[in-house]
Amino acid sequence: MAGSTASRVRRQLPTSPWLFAAPGLLIIGAFILWPFVSTVINAFTDRRTLVPGQFVGLANFRELLHDDMFWIGLRNSALYVVGVVPALVVLPLLLALLVQKNIPGIAFFRSAFYTPVVASIVVVGLIWVWLLDERGLVNSLLEAVGVGRIGFLSDQWLLLLSAMAVTVWKGLGYYMIIYLAALANVPRELHEAAAVDGAGAVRRFLTVTMPAVRSTMVLVGALSSVAAFKVFSEVYLMAGPSGGPAGEDTTLVMLVQRTGTGLTGRVGYASAISLVVFVVTVALMLLVLRADRKEDR
């Protein structure tokens, strides 16, 4: 009797795998695919926030070529990638090697290094603004030792460097965990054999550790490149909505937010900038992956 009941229940259950995948597909379609498609469509219109747009072809992209703020945003976003990515590829690996050692209290340091990752970027940004403000803790200490106050948040380049430092500081723990997983798969025998051959710690790092985690370094480079080029929160919180003095610290994503929001926001023009950001980030990932395949060959 129980067997026949179980058989009837099994026959009544849906057999199509699409029914199980439907909730996930609906979420992806509603929050990823449709926004992307609508952005592409709007990029070729003159749509505003409260005004339906008309098709204008490549007019928005032609305007980009003559928009000084677009080039400033592109420059700052590119500089952000150059300044942040090398640090996020190398420093988390060194940090992972440090916390990998089984010494007393190392679990505390692992948690401490990972704490910035789970902290809200708004909280982190406000803390650093408080530290680097003209009357903040850092400038107060510098003035106390006779160095004088430094305009970390008022000087264009110092503000970008400060935002880069926040990004690196917040991302160290995240990429450290990725490296820890990769280092766990490196055979200990390789290090022991290298040590027997007389290789020191630096030599073992260059000839054993780095080749073993090279694919992970490529992954970290790709992820950090995309994240750095799309930076918004750090610079926005430290420079303000206008992007610092004369908007010189504006990034591309900040330009999208500033252009496309508000009652008179130029949604079409902001969508064109967003499409440029998408193309560049995809190109960055393809360049990193191509360089990895070329080195493999």
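Every value quoted in this text rests on a predicted model; they were computed, and no experiment measured them.

Asker: What is the right way to look at the packing of aromatic side chains in this model?
Answerer: Describing an aromatic ring pair means giving the distance of the ring centres and the angle of the ring planes. Following the criterion strictly, the structure yields eight aromatic pairs and no others. Their ring planes at 20° and their centres at 4.9 Å tell us that Phe-232 and Tyr-236 sit as a pair that is stacked. Linked through ring pairs, Phe-108, Phe-109 and Phe-113 together constitute an aromatic cluster. Just above the ring of Tyr-269 sits the side chain of Arg-266; from NZ or CZ to the centre is 4.5 Å.

Asker: What am I meant to see in a nonpolar patch on the surface here?
Answerer: Nonpolar side chains collect at one region of the surface, where Trp-34, Phe-36, Val-37, Ile-41, Phe-278, Val-279, Val-282 and Leu-286 lie side by side and expose about 750 Å² of accessible area between them. Counting residues per element, the ones that place at least two in the nonpolar patch are α2 (17-42) and α14 (267-296). In this fold, Val-279 is placed in helix α14.

Asker: I keep staring at the pattern of salt bridges and nothing clicks. Help me out?
Answerer: Two side chains carrying opposite charge are able to pair once their charged atoms lie near each other. Taken as a whole and assessed by the stated rule, the structure comprises three salt bridges. Across the salt bridge formed by Glu-63 and Arg-266, the nearest N and O atoms sit 2.9 Å from each other. In this pair, Glu-63 is assigned in helix α3 (residues 59-65) and Arg-266 in the loop between α13 (252-260) and α14, connecting sequence segments 203 residues apart. Exposure remark for Glu-63: the relative accessible area of 33% places this residue in the partly exposed category. For Arg-149, the salt bridge identified is with Glu-143, shortest N-O distance 2.6 Å. On the basis of relative accessible area, Arg-149 is assigned to the partly exposed category, the value being 36%.

Asker: Would you take a moment to explain the side chain of Lys-170 for this structure?
Answerer: Position of Lys-170 among the secondary structure elements: in helix α8 (residues 156-183). No salt bridge is formed by the buried Lys-170. Its closest oppositely charged neighbour is Glu-234, at 7.5 Å. Among residues more than four places away in sequence, those in contact with Lys-170 are Pro-116, Val-117, Ala-119 and Ile-121.

Asker: I'm lost on the packing of helix α6 (residues 121-132) against α8 in this one. Help?
Answerer: The geometry of a pair of packed helices is captured by two quantities: the angle between their axes and the separation between those axes. Their axes nearest at 11 Å, the elements α6 and α8 cross at an angle of 135°. Relative to α8, α6 is oriented oblique. Relative to α8, α6 is oriented so that their crossing is right-handed. Residues Ile-121, Val-124, Trp-128 and Leu-132 of α6 form the contact with α8, whose own contacting residues are Ser-162, Val-166, Trp-169 and Lys-170. Each residue belonging to the contact of α6 with α8 can be placed in one class, and the counts come to six nonpolar, one polar and one charged.

Asker: Just to check I follow, could you spell out the nonpolar core for this structure?
Answerer: Within soluble globular proteins, side chains that are nonpolar tend to cluster in buried spots. Counting 59 residues, the largest nonpolar core has Tyr-80 and Val-235 as the members making the most contacts within it. Those elements giving two or more residues to this core turn out to be α4 (68-99), α6, α8, α10 (201-212), α11 (214-229), α12 (233-239), α13 and α14. The element that contributes the greatest number of residues to this core is α8, accounting for 13 residues. If we skip the residues at most four places from it in the chain, Tyr-80 touches Val-85, Leu-160, Ala-163, Met-164, Thr-167, Ala-228, Val-231, Glu-234 and Val-235.

Calculation criteria
- Residues numbered from 1 in each chain as written.
- Predicted model: local features only at pLDDT ≥ 70, side-chain atom pairs only at ≥ 80, totals over all residues.
- Heavy atoms only, no water.
- Phe/Tyr/Trp six-rings, centres within 6.5 Å; stacked < 30°, edge-to-face > 60°.
- Lys NZ or Arg CZ within 6 Å of the ring centre and 35° of its normal.
- Patch = residues over 30% accessible without salt bridge, like charges linked within 9 Å, V, L, I, M, F, W, Y side chains within 5 Å.
- Areas by Shrake-Rupley, 256 points an atom, 1.4 Å probe, with all protein chains shown as cover.
- Salt bridge = Lys/Arg side-chain N within 4 Å of Asp/Glu carboxyl O.
- Helix = DSSP H or I, 4+ residues; strand = E, 2+ residues; numbered from the N terminus.
- Buried < 20%, exposed > 50% of the residue type's maximum accessible area, 1.4 Å probe, protein only.
- Lys, Arg positive; Asp, Glu negative; His and termini not counted.
- Contact = heavy atoms within 4.5 Å.
- Axes fitted to C-alpha atoms, helices over the stretch in contact; angles between N-to-C directions.
- Parallel < 35°, antiparallel > 145°, perpendicular 65-115°, else oblique.
- Left-handed = near helix turned anticlockwise from the far one by under 90°.
- Nonpolar A, V, L, I, M, F, W, Y, C, P; charged D, E, K, R; others polar.
- Core = buried A, V, L, I, M, F, W, Y, C linked by side-chain atoms within 4.5 Å.

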